[in-house]
Amino acid sequence: MRTAYTSDQIRAAELALMATLPEGTLMGRAAAGLAVTCAGLLTGLHGRVYGSRVAVLAGGGDNGGDALYAGARLARRGARVEAVLAGSRAHEGGLAALRAAGGRAAAFDEARARETIGRADLVLDGLVGIGGGGALREPYATLAGLAGETPGLVVAVDVPSGVDASTGRVEGPAVRAHVTVTFGAYKTGLLVDPGAERAGAVELVDIGLGPHLPDPDAAALTDEDVADLLPRPGAESDKYRRGVVGIAAGSDRYTGAAVLSVGGAVRAGAGMVRFASAEEPVRHVRARWPEAVTTVLDPSLVLKSSLDEVGRVQAWVLGPGLGTGPDAHAVARAVLATDVPVIVDADGLSIVARDRALLRRAAPTLVTPHAGELSRLLDVPRERIEARRLEHTRRAAAELGVTVLLKGSTTVIAEEHRPARVNTTGTPWLATGGTGDVLSGIAGALLAGGLTCYDAASCAAHLHGLAARIAARGGAGGRSEAPIAALDVAQALPEAVRAL
Ligand SMILES: NC(=O)C1=CN([C@@H]2O[C@H](COP(=O)(O)OP(=O)(O)OC[C@H]3O[C@@H](n4cnc5c(N)ncnc54)[C@H](OP(=O)(O)O)[C@@H]3O)[C@@H](O)[C@H]2O)[C@@H](O)CC1
Ligand SMILES: Nc1ncnc2c1ncn2[C@@H]1O[C@H](COP(=O)(O)OP(=O)(O)O)[C@@H](O)[C@H]1O
Ligand SMILES: [K+]
């Protein structure tokens, strides 16, 4: 499990650790780790550190201090290091070390900074770290912009400046790094977009914080975690014991969503899929997935809120392609009246957005909106949700009393009193119609298999992302990615499970 923390949590842990160590020890460890990564990158670029050009962007706080000390270490190995001092003050010890090692430093001057950054092999972003707050002020903002124009590599110190370390929020200009070297522990903002996307590859430098860290603010599952959680059949298994998932999806108008959701469930290892819908989607599902047991729902039975004719299930998926008319509403009411866990997706979300009372139920509920759907559920503009993904996912979980999986470039899962879960296994090729329907089926299979909403959502997002990558590469061994269709994601699920 990759665990992540807020700035306040990191700060408290650092204080506790610092009290046990001589002054300067932590910054020394941080700068040493940072310099090792930079030296490795420069060696990869030119075969050596000696003679390479490094621009250090140093803010007035300890983040600038880390960057200056690391600059000093690189200067001692023969790099030509120039620091741009952005603050009214600079970290004294770091500045002295850099100068003593032969590096140069000068206060911010735009023309000079442009020149320094423009010829750098590596730009070290030490403008702000966990002490940053709000949009970058000048001249930090200008420097963050200039860092985006360098021909060199950009390495962010602790967090890319301009990214809120606790949430991943970005307000205004922010550094876009190739690599972020972070100290002590991951910060939540490095895992959640838009921050995650600014961070590039994240490297963790151990400074000994471990024993002082509290329960995490967020976590990302690893392949091993998912392998451990995934329900697997044993000798005593049969299709019922493995978990039967009911899928109420599709309509005469939207048949594809039903086929895709059923596909996700079949391929993710449901013991059995019971599909219940109108005649047309049932015909399509039967043709594509003969494994599914189908029932054509008689609207009059649905009006009596009876799903008895469908047979017993351990979990329901409600919503993909269902439509939002009176029939769909009746189906939603019947499914949500059951005493088993339910995943509400797509049109199901539009229905519950209009009729919140449907979510008041005793059994667990997982909702899986994208930003637009969450916008309707919370009555908050979509742009605000996209800018503050974590905050709004948590808010929805608290207000609706359900588990929430927010789809998008990084998927965020929230449940009250639990650390947020973040999934980063996906690929931008997933941004194509129907992939969300596949995800609902995967989550349904896992929920029916006995996982909690929290684990089913996290494992489903993980497998969905892995399967998409495998599909985009044309197999686990493929090197580059190409366009995929949603059904390809369902087809690649067994390979994703094998690759865990
Ligand atoms: N503690 C430890 O043990 C260890 C800490 N470590 C390191 O310390 C870092 C935290 O250092 P920190 O606390 O000094 O804060 P930091 O991130 O440098 O930011 C403060 C500076 O930024 C400025 N600033 C803020 N917001 C701004 C804005 N919007 N726009 C513009 N400027 C803004 C602010 O300016 P001011 O408000 O003072 O004018 C001040 O100059 C941490 O990330 C890690 O790298 C490691 O060495 C490991 C051990
Ligand atoms: N840029 C991206 N990077 C990674 N995954 C993405 C990106 N954009 C979308 N996705 C994923 O693709 C899926 C799209 O789902 P959704 O928006 O419901 O589409 P649909 O309704 O067409 O099925 C989600 O799992 C989402 O997390
Ligand atoms: K930084």
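Computed from a predicted structure; not experimentally measured.

Student: Honestly, the overall build of the protein in this entry has me stumped. Any pointers?
Tutor: The secondary structure content of the protein amounts to 21 helices and 19 strands. Its C-alpha atoms give the protein a radius of gyration of 26 Å, near enough to 23 Å, the size a compact globule of 500 residues would have. With respect to the three principal axes, the spread of C-alpha positions in the protein is 85 × 45 × 45 Å. Taken over 500 residues, the protein has a buried fraction of 56%.

Student: Looking at this structure, how should I read the UniProt feature "domain: YjeF N-terminal" (unreviewed entry) in the protein?
Tutor: Those residues carrying the UniProt feature "domain: YjeF N-terminal" (unreviewed entry) are residues 10-215 in this numbering. Across residues 10-215 one finds 37% helix and 18% strand; the C-alpha atoms that close the span lie 11 Å apart.

Student: What is the right way to look at the sheet that holds strand β15 (residues 342-344) in this model?
Tutor: The strands that make up a sheet are held in pairs by hydrogen bonds between backbone atoms, and each pair lies either parallel or antiparallel. Sheet architecture is open: 12 strands sit in the order β8-β1-β10-β19-β18-β17-β16-β15-β14-β11-β12-β13, paired in mixed fashion. Every other strand in the sheet has two partners, leaving β8 (186-187) and β13 (293-296) as the edge strands with one partner each. Pairing geometry for strand β11 (residues 244-248) and strand β12 (residues 272-277), over five bridges, is parallel. In the strand pairing of β12, I247 is matched with F275.

Student: Got a minute to help me understand the site of ligand 1 in this structure?
Tutor: Every one of the 28 residues lining ligand 1 counts as a neighbour, but G60, G61, D62, G129 and G131 are closest to it. Among the secondary structure elements, those contributing two or more residues to the shell around ligand 1 are α1 (7-18), α2 (25-46) and α3 (62-76). If one sorts the elements of the shell around ligand 1 by residue count, α3 sits on top with four residues.

Student: How should I be thinking about the site of ligand 2 in this particular structure?
Tutor: In the region of ligand 2, 18 residues are neighbours, and K407, G426, L430, A431 and G436 sit closest. At four residues, the largest contribution of residues to the shell around ligand 2 is made by helix α18 (residues 435-448). Its residues assigned to classes, the shell around ligand 2 shows five nonpolar, 11 polar and two charged.

Student: How should I be thinking about the domain arrangement of the protein in this particular structure?
Tutor: Often, the extent of an interface is quoted as the loss of accessible area on bringing the components together. Here the protein is described as being made up of domain 1 (2-217) and domain 2 (223-499). Computed over C-alpha atoms, the centres of domain 1 and domain 2 are 40 Å apart. At the junction of the two partners, domain 1 supplies 12 residues and domain 2 supplies 13 residues. Here the side of domain 1 that touches domain 2 is composed, by residue class, of four nonpolar, three polar and five charged.

Student: Hey, could you run me through helix α11 (residues 279-288) in this one?
Tutor: An α-helical turn contains 3.6 residues, so any two residues separated by three or four positions project in the same direction. Along α11, the residues that are buried comprise P281, V282 and V285. Along the long axis of α11, the arc covered by the buried residues comes to 100°, so they all point the same way. Of the exposed residues in α11, the ones pointing more than 90 degrees away from its buried face are E279 and A287. Buried residues along α11 sit in contact with α10 (256-267), β12 and β13.

Student: Please explain the sheet that holds strand β2 (residues 53-58) as it appears in this structure.
Tutor: Across the sheet, seven strands lie side by side as β4-β3-β2-β5-β6-β7-β9; this open sheet has parallel pairing. Taken across any chain shown, the strands that pair with only one partner, and hence form the sheet edges, are β4 (104-107) and β9 (201-205). Neighbouring strand axes in the sheet, compared pairwise and without regard to direction, differ in orientation by 20° on average. For strand β5 (residues 122-126) and strand β6 (residues 153-157), the ladder comprises four bridges, and the chain directions are parallel.

Student: Whenever I open this one, the pairing of β6 confuses me. Can you help?
Tutor: Where a strand is regular, its side chains alternate between the two sheet faces. Counting buried positions over the five residues of β6 gives five, a clear majority of the element. In β6, alternate side chains face the same way, and those of L153, V155 and V157 on one face and V154 and A156 on the other are all buried. Note on the crossover from β5 through helix α6 (residues 140-147) to β6: the handedness is right-handed. Two elements, β6 and strand β7 (residues 179-183), share three bridges in a ladder whose sense is parallel. Bridging across to β7, V157 finds its partner in V181.

Student: Please explain the UniProt feature "binding site: K(+)" (unreviewed entry) in the protein as it appears in this structure.
Tutor: Those residues carrying the UniProt feature "binding site: K(+)" (unreviewed entry) are N63, D125 and S161 in this numbering. Spanning 99 residues, the named residues form one tight spatial group whose C-alpha atoms are at most 9.6 Å apart. Checked against the element boundaries, D125 lands in strand β5. Under the C-beta neighbour-count criterion, D125 is labelled buried, with 30 such atoms within 10 Å. Contacts of D125, omitting those with residues within four sequence positions, involve L57, A147, V154, V155, A156, V157, P160, S161, V175 and A177. Inspection of the secondary structure puts S161 in the loop between β6 and β7. On the basis of neighbour count, S161 is assigned to the buried category, with 28 C-beta atoms found within 10 Å. Every residue in contact with S161, bar those within four places of it in the chain, is listed here: D125, L127, V128, G132, L136, Y140, A144, A174 and V175.

Student: I keep staring at α1 and nothing clicks. Help me out?
Tutor: Along its 12 residues, α1 runs 16 Å from first to last C-alpha, staying within 8% of the 16 Å computed at 1.5 Å per residue. Residues S7, Q9, I10, A13 and E14 constitute the buried set of α1. The buried residues of α1 all sit within an arc of 160° when viewed along its axis, so they share a single face. In this fold, the buried residues of α1 make contact with β1 (2-5), α2 and β8.

Student: Just to check I follow, could you spell out the pairing of strand β19 (residues 420-423) for this structure?
Tutor: A two-sided burial pattern is seen for β19, the buried positions comprising A420 and V422 on one face and R421 and N423 on the other. The pairing of strand β10 (residues 218-220) with β19 spans two bridges and is parallel. In the sheet register, A219 faces β19, and the bridge partner there is R421. Hairpin connection from strand β18 (residues 411-414) to β19: five residues lie between these consecutive antiparallel strands, with H417 at a positive phi of about 65°.

Student: Explain the nonpolar core to me, please; I cannot follow it from the model alone.
Tutor: Taken as a class, soluble globular proteins show a tendency for nonpolar side chains to be buried jointly. Counting 172 residues, the largest nonpolar core has L57, L124, V245 and I442 as the members making the most contacts within it. The dominant element in this core, judged by the number of residues it contributes, is helix α19 (residues 453-473), at 13 residues. When residues are assigned to domains, this core turns out to be shared by domain 1 (2-217) and domain 2 (223-499), each giving three or more. For L124, the contacting residues outside a window of four places in its chain are C38, V54, A55, V56, L57, A67, A70, G71, V155 and V157.

Conventions and cut-offs
Residues numbered from 1 in each chain as written. Chains lettered and ligands numbered in written order. Predicted model: local features only at pLDDT ≥ 70, side-chain atom pairs only at ≥ 80, totals over all residues. Helix = DSSP H or I, 4+ residues; strand = E, 2+ residues; numbered from the N terminus. Rg over C-alpha atoms; globule rule 2.2 N^0.38 Å. Buried ≥ 20, exposed ≤ 12 C-beta atoms within 10 Å, placed from the backbone. UniProt positions renumbered as here; feature names shortened; annotations may be inferred. Pairing = 2+ DSSP bridges. Near = placed C-beta within 6 Å. Nonpolar A, V, L, I, M, F, W, Y, C, P; charged D, E, K, R; others polar. Domains from an automatic or database assignment. Contact = placed C-beta atoms within 7 Å. Arc of directions from axis to C-beta. Axes fitted to C-alpha atoms, helices over the stretch in contact; angles between N-to-C directions. Right-handed = clockwise from strand over helix to strand, strands pointing away. Expected span 1.5 Å × (residues − 1). Core = buried A, V, L, I, M, F, W, Y, C linked by C-beta atoms within 7 Å.

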